[in-house]
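Overview (structure and organization)
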Amino acid sequence: MKTDPTNPVQELKEAAPPYGSPATGIGGDVDIALLRASLAMTPWERMKANDDALNFGESLREAMKKRNEQSL
């Protein structure tokens, strides 16, 4: 982006349409509070939360597998 030395305030232009706009095809059902809570965490906390969710999903998968084996 070229800068104008005579203009001390440079305006940034959007490279993409705003999130949730009709142009993106994404509805307005975004939980802003959840986004803010996630962004308030450190990267390590977000990785830990992701790891916890992955472990929970794996435990559900194992429980379902065990249940299906018992029903045979």
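Numbering of residues starts from 1 in every chain and runs along the sequence as written. Given that the model is predicted, a residue must reach a pLDDT of at least 70 before its local features are reported, and side-chain atom pairs must reach 80 or more before they are shown or counted; all residues, however, enter totals for whole chains, interfaces and linings. Side-chain measures were taken over the full set of non-hydrogen atoms in the model, leaving aside hydrogen atoms and water.

1. Quick word on the overall build of the protein
Numbering of helices and strands runs from the N terminus, with a helix taken as a DSSP run of H or I at least four residues long and a strand as a DSSP run of E at least two residues long. Scanning the protein from N- to C-terminus turns up two helices and zero strands. Burial classes: relative accessible area under 20% of the type maximum marks a residue as buried, over 50% as exposed, and values in between as partly exposed (1.4 Å probe, protein chains only). Within the protein, the proportion of its 72 residues that are buried is 1%. Surface summary for the protein: the accessible area is close to 7,000 Å², and the carbon and sulfur share equals 60%. Note on areas: Shrake-Rupley, 1.4 Å probe, and residue coverage restricted to the protein chains presented here.

2. Thoughts on the pattern of salt bridges
Close approach of charged atoms allows side chains with opposite charge to pair. Salt bridges are identified by distance alone: a Lys or Arg side-chain nitrogen within 4 Å of an Asp or Glu carboxyl oxygen. As enumerated under the stated definition, the model contains one salt bridge in all. The residue Asp52 makes a salt bridge to Lys48 at a minimum N-O spacing of 3.4 Å. In this pair, Asp52 and Lys48 are both assigned in helix H2 (residues 43-70), four residues apart and thus about one turn of the helix distant. Assessed through its relative accessible area of 44%, Lys48 is described here as partly exposed.

3. Remarks on the environment of Asn68
Mapped onto the elements, Asn68 comes out in helix H2. Any pair of nitrogen or oxygen atoms within 3.5 Å is treated as a polar contact; in protein, a donor-acceptor pairing is required on top of that, and neighbouring residues in sequence qualify only through side-chain atoms on both sides. At a separation of 3.3 Å, a polar atom in the side chain of Asn68 contacts the side chain of Arg67.

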